[in-house]
Amino acid sequence: MNVLVTGGAGFIGTHTCVELLKSNHSILIIDNFENSHPEAVKRVEAITGKKVNFRQGDVRDIAFIKKQITDFKCEAVMHFAGLKAVGESCQNPLKYYDYNVAGTLSLLQAMQSCNVKKLVFSSSATVYGAPKRLPIVEDTELHTTNPYGRSKLIVEDILRDLYTSDPSWHIAILRYFNPVGAHKSGLIGEDPIGIPNNLMPIVAQVASNRREKLSIWGNDYPTKDGTGIRDYIHIVDLAIGHLKALESLNVAQCNAYNLGTGNGYSVLEVIKMFEHVSNQKIEYEIASRRDGDVAECYADPLYAMQQLDWKAERGLREMCEDMWNWQIKNPTGY
Ligand code: NAD
Ligand code: UD1
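Residues numbered from 1 in each chain as written. Chains lettered and ligands numbered in written order. Predicted model: local features only at pLDDT ≥ 70, side-chain atom pairs only at ≥ 80, totals over all residues. Heavy atoms only, no water.

Looking at an unreviewed UniProt entry, one finds the protein chain named UDP-glucose 4-epimerase and attributed to Paenochrobactrum glaciei. If you open the UniProt record of the protein chain and go to Pathway (unreviewed entry), you find "Carbohydrate metabolism; galactose metabolism." Comment text from UniProt for the protein chain, heading Catalytic activity (unreviewed entry), reads "UDP-alpha-D-glucose = UDP-alpha-D-galactose". (UniProt positions renumbered as here; feature names shortened; annotations may be inferred.)

Asks: Which residues make up unusual backbone geometry, and what values do they have?
Replies: Residue Leu-134 is joined to Pro-135 through a cis peptide bond whose omega torsion reads -10°. Along the chain, the position of Pro-135 falls in the loop between strand E5 (118–124) and helix H6 (147–165). Positive phi outside glycine occurs at Phe-33, with the angle close to 60°. Structurally, Phe-33 is set in the loop between strand E2 (26–31) and helix H2 (38–48). (Helix = DSSP H or I, 4+ residues; strand = E, 2+ residues; numbered from the N terminus.)

Asks: Explain the side chain of Ser-266 to me, and be specific about the residues and the numbers.
Replies: Of note, Ser-266 is situated in strand E12 (residues 265–266). On the accessibility criterion, Ser-266 (0% relative accessible area) is buried. One polar contact links Ser-266 to Asp-225, side chain to side chain, over a distance of 2.6 Å. Those residues in contact with Ser-266 that sit more than four places away from it in its chain are Asp-225, Thr-227, Gly-228 and Ile-229. (Buried < 20%, exposed > 50% of the residue type's maximum accessible area, 1.4 Å probe, protein only. Polar contact = N/O pair within 3.5 Å; in protein donor to acceptor, adjacent residues only side chain to side chain. Contact = heavy atoms within 4.5 Å.)

Asks: Provide a residue-level description of the site of ligand 1, including the pertinent values.
Replies: For ligand 1, the set of nearby residues contains 28 residues, the closest of which are Ile-12, Asp-31, Asn-35, Ser-36 and Lys-84. A distance of 2.7 Å is found between an oxygen atom of ligand 1 and a side-chain nitrogen or oxygen belonging to Asn-35. The side chain of Tyr-148 places a nitrogen or oxygen atom 3.1 Å from an oxygen atom of ligand 1. For ligand 1, whose unbound accessible area comes to 820 Å², protein coverage reaches 95%. When contributions to the shell around ligand 1 are tallied by element, the ones reaching two or more residues are helix H1 (11–22), E5 and H6. With 3 residues, the top contributor of residues to the shell around ligand 1 is E5. (Near = heavy atom within 4 Å. Areas by Shrake-Rupley, 256 points an atom, 1.4 Å probe, with all protein chains shown as cover.)

Asks: Let's hear about the nonpolar core: which residues, and what values?
Replies: Looking at soluble globular proteins, one finds that nonpolar side chains tend to be buried together. In this structure, Val-5, Leu-20, Ile-27, Met-78 and Leu-174 are the most contacted members of the largest nonpolar core, which totals 41 residues. Filtering out sequence-adjacent residues up to four positions away, Met-78 remains in contact with Val-3, Leu-4, Val-5, Thr-6, Thr-16, Leu-20, Val-120, His-242, Leu-243 and Leu-246. Core analysis: the next-biggest nonpolar cluster, separate from the first, contains 27 residues, Phe-64, Ile-65, Ala-110 and Val-116 among them. (Core = buried A, V, L, I, M, F, W, Y, C linked by side-chain atoms within 4.5 Å.)

This is the structure in structure tokens:
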């Protein structure tokens, strides 16, 4: 299939492009490099041995997107382009609604006018807010606590309204849990600009002495060791989930799927495993809880297993090993 990949130079996009190319799909990456690097596209080519079609541009530019869809004879879109930092979204909500909501609207308008109606959309487990029941199933009530989360939920609602108005759309909404790790080659991985917000990139930077220590945001949660529990998922498993979601779009639908493993690990368990695979001491301090954090969050992955024939295969050890391999091969990123 000819697949247009917005934000294809980013963390999840690059790994998904590798899987798409491995499965002989043809891809066109569109990225404005706001949070990525042209080198990432070259690395996708190096891993796959295939030339990658690429255009630098912005998803909010509807004329540009229409032209790319037409010229490329696009059949489906994977939409990764967007912003993802919760703290920044609280400081600059208009930017988040512009990129994540208005950007997606422009893309949908371009797709509609070109009669391309297959879409895989990057949502997030953040749409579940503080879940009342664990593991989290897809029909849990949706509730968000910050502008980033609301931008994802607004887009989900737009997609459901679109499908209700025109059931010939084929839409898969993927709610990611906590993507971590890197490609086995160590050529592509997460390259956060500035100080990372998420746990695993900070742990990797402390292990490699790029950062002095980690602050653990609270050890008084009602969990097995008092630290927060999350469902970490290997980025390659996540990428394969996208391929399966694309394959499922031979039938018209607008379905949301959890992409998680179903296993929760605490912050201390992640640190311990990372120390083990890297053979480095991870210095940490206990700090107060971070605003907006929940004690525990992990997926019920059953629906994705049944509908997409997909299951995460890689465990915490492999996530940490691959993250460490990427970190030591690329100590300052791309
Ligand atoms: P990323 O920042 O690495 O990738 C996003 C890419 O989109 C970047 O290459 C960036 O340059 C590009 N981009 C941003 N705005 C753009 C625009 N207006 N036009 C064109 N390109 C643009 O992030 P990621 O981790 O790969 O996340 C991909 C998607 O998944 C995002 O929508 C994010 O909100 C969502 N998501 C990520 C996580 C996570 O933990 N990484 C979790 C849940 C959901
Ligand atoms: C965060 C975002 C969420 C987003 C997700 C994936 C917040 C409140 N939530 O979720 O919206 O979808 O990233 O991008 O920002 N931790 C520390 N010290 C750190 C960093 C993290 O102790 O320096 C802890 C956290 O308290 C949490 C766990 O590690 O218990 C994982 O944190 P993180 O990687 O930021 O992911 P989420 O909290 O799930």
